[in-house]
Amino acid sequence: GGPRPLPGQEVSVKVLGALEDGGLVERDPRLTFVPGHGDVVQALELGVPTMQPGEVSFFLAAFPYAYGRPGSREPDVPPEAPLLFEVTLLEVRDGPDPQPLPPAVRLRLGSQRRERGNFHFARGDFAAALRSYRLSLRALDGPAIAPPGPEEEEELREQRVKCLNNCAAAELKLGRVEEALAACEAALRISPDNGRALLRRGQVGLASPQPAPLPSARPSSHPPLLSPQLLAEQGRDAEASLVLRRALELDPASKVIHTELSRLVKRQRPPSSS
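Predicted model only: the values in this text are computed from it and were never measured.

**Q** Where do I start with the overall build of the chain in this structure?
**A** A tally of helices and strands in the chain yields 9 helices and 4 strands. In the chain, the succession of helices and strands from N to C terminus is β-β-α-β-β-α-α-α-α-α-α-α-α. Expressed as a percentage of contacts within the chain between residues at least 6 apart in sequence, the contacts between residues at least 24 apart total 64%. For the chain, the accessible area works out to roughly 14500 Å², and carbon and sulfur atoms hold 53% of it.

**Q** What is the right way to read the pairing of strand β4 (residues 83-93) from this model?
**A** Side chains on a regular strand alternate between the two faces of the sheet. In terms of strand pairing, strand β1 (residues 10-18) meets β4 through 9 bridges, oriented antiparallel. Counted as the bridge partner of Val 13 is Leu 89 from β4. Pairing between strand β3 (residues 56-61) and β4: 6 bridges, direction antiparallel. Across the sheet, the residue bridging to Val 56 is Thr 88, located in β4.

**Q** What's the story with the nonpolar core in this structure? I'm lost.
**A** When a protein is soluble and globular, its nonpolar side chains tend to lie buried together. By size, the foremost hydrophobic cluster in this structure holds 24 residues, and its most contacted members are Val 13, Phe 33, Leu 44, Val 48, Leu 83, Phe 85 and Val 87. When residues of this core are traced back to their parent elements, those giving at least two are β1, β2 (24-33), α1 (42-47), β3 and β4. The residues contacting Phe 33, other than those within four sequence positions of it, are Gln 9, Glu 10, Val 11, Val 13, Asp 39, Val 40, Leu 44 and Val 48. Among the nonpolar cores identified, the runner-up in size contains 18 residues, and Ala 129, Leu 130, Ala 183 and Ala 186 belong to it.

**Q** In this structure, what is going on with the sheet that holds β1? I would like to understand it.
**A** Neighbouring strands of a sheet are bound in pairs by backbone hydrogen bonds; such pairs are parallel or else antiparallel. Here 4 strands make up an open sheet; going across it, the order is β2-β1-β4-β3 and the pairing antiparallel. In this open sheet, the two edge strands, each paired with only one partner strand, are β2 and β3. Strand after strand, the sheet turns through a mean of 20 degrees between neighbouring axes, direction not considered.

**Q** Help me out: how do you make sense of unusual backbone geometry in this one?
**A** Outside of glycine, negative phi angles account for most residues, and trans bonds account for most peptide bonds. Here the bond from Glu 74 into Pro 75 is cis, since omega is 5 degrees, no more than 30 degrees from zero. Even without being a glycine, Glu 80 presents a positive backbone phi close to 55 degrees. Its place among the elements puts Glu 80 in the loop between β3 and β4.

**Q** Help me understand the packing of aromatic side chains in this model?
**A** For any two aromatic rings, the description comes down to two numbers: the centre-to-centre distance and the angle of the planes. Within this structure, the stated rule accounts for 2 aromatic pairs. Their ring planes at 85 degrees and their centres at 5.8 Å tell us that Tyr 67 and Phe 119 sit as a pair that is edge-to-face. A residue pair is termed long-range when its members are at least 10 positions apart, and Tyr 67 in the loop between β3 and β4 and Phe 119 in helix α2 (residues 103-123) qualify at 52 residues. On the basis of relative accessible area, Tyr 67 is assigned to the buried category, the value being 5%. Using a relative accessible area of 17% as the deciding quantity, one classes Phe 119 as buried.

**Q** Which parts of the structure should I look at to understand the pairing of β2?
**A** In the sheet, β1 pairs with β2 via 7 bridges, with the strands oriented antiparallel. Residue pairing for β2: Ser 12 is matched across the bridge by Thr 32. Remark: 5 residues form the turn of the hairpin made by β1 and β2, two consecutive strands paired antiparallel; Gly 22 in that turn has positive phi of roughly 95 degrees.

**Q** For this particular structure, what's the right way to read a nonpolar patch on the surface?
**A** A surface patch of nonpolar side chains, amounting to about 420 Å² of accessible area, comprises Val 56, Phe 58, Leu 60 and Leu 84. It is β3 that provides the largest number of residues to the nonpolar patch, a total of 3 residues. Mapped onto the fold, Leu 60 is located in strand β3. A relative accessible area of 71% places Leu 60 in the exposed class.

**Q** Would you take a moment to explain the side chain of Asn 166 for this structure?
**A** Looking at where Asn 166 falls in the secondary structure, it is placed in helix α4 (residues 150-173). Polar side-chain contacts of Asn 166 include one of 3.4 Å to the side chain of Asn 118. In this structure, Asn 166 is in contact with Arg 114, Asn 118 and Tyr 133, ignoring residues within four places of it in sequence.

**Q** Would you take a moment to explain the environment of Val 15 for this structure?
**A** Assignment of secondary structure puts Val 15 in strand β1. A residue is classified by how much of its surface remains accessible, and Val 15, at 1% relative accessible area, is buried. On a C-alpha basis, the gap between Val 15 and Pro 29 in space is 6.4 Å, while along the polypeptide they are 14 residues apart. When near neighbours in sequence (up to four residues on either side) are disregarded, Val 15 contacts Glu 26, Arg 27, Asp 28, Leu 31, Leu 44, Phe 85 and Glu 86.

Here is what the cut-offs are and how they apply
Residues numbered from 1 in each chain as written. Predicted model: local features only at pLDDT ≥ 70, side-chain atom pairs only at ≥ 80, totals over all residues. Heavy atoms only, no water. Helix = DSSP H or I, 4+ residues; strand = E, 2+ residues; numbered from the N terminus. Contact = heavy atoms within 4.5 Å. Areas by Shrake-Rupley, 256 points an atom, 1.4 Å probe, with all protein chains shown as cover. Pairing = 2+ DSSP bridges. Core = buried A, V, L, I, M, F, W, Y, C linked by side-chain atoms within 4.5 Å. Buried < 20%, exposed > 50% of the residue type's maximum accessible area, 1.4 Å probe, protein only. Axes fitted to C-alpha atoms, helices over the stretch in contact; angles between N-to-C directions. Phe/Tyr/Trp six-rings, centres within 6.5 Å; stacked < 30°, edge-to-face > 60°. Patch = residues over 30% accessible without salt bridge, like charges linked within 9 Å, V, L, I, M, F, W, Y side chains within 5 Å. Salt bridge = Lys/Arg side-chain N within 4 Å of Asp/Glu carboxyl O. Polar contact = N/O pair within 3.5 Å; in protein donor to acceptor, adjacent residues only side chain to side chain.

Here it is as structure tokens:
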């Protein structure tokens, strides 16, 4: 009884998920999510909004609507496995995003959505990953009931940087290099010496002298950096080398930075005479 979930509303469901042989792979007495936010498999995203509170439904999901072609390690789902879900809709309520939240709740929501983005990224669904990362940033930057304490503010800052770096990685996978560069710049405005953001800038082939800040960016005096790849393309190999060496100082053990720097050094070597 009661109305079906509307767009933007949050739902709580009881879920059981089983393989064709009857093996139980998923059990959650109270799973809470907002349909459309990409926090759960598509079978639940599409099926739960058709339900009414108190209703019990069974969804037989082909693998694209469950855990995809590669399956999952947690829960343990084999590749290309269809699943049968038993779902009970427990509650429907307004979503949490527009409401002022305590810093701890913002951190929890941000972490959950970033982890969901990592799940989509590992499956190769980069558009869904990007959507989850952006929702994570919305939660981290949402209105607060009270200002965060020093430790919470530091954790919020670290979570934002992680999300922005993940946004840049997803944008690169989607071929949107300008958007990837903007995400890197936003991360560097928050954390000027973030090695991952510096390295990722070196993997971007386009740059803008004044990239547009993302909504989550915080003001900073950090000057814009040109990507090493762009500098190299312009014949400015020495400057590109400086940027990569700075990144290497921050993360001396990074094999990726060593590889990028090695490629640049090889470019700079004069051809051997015959």
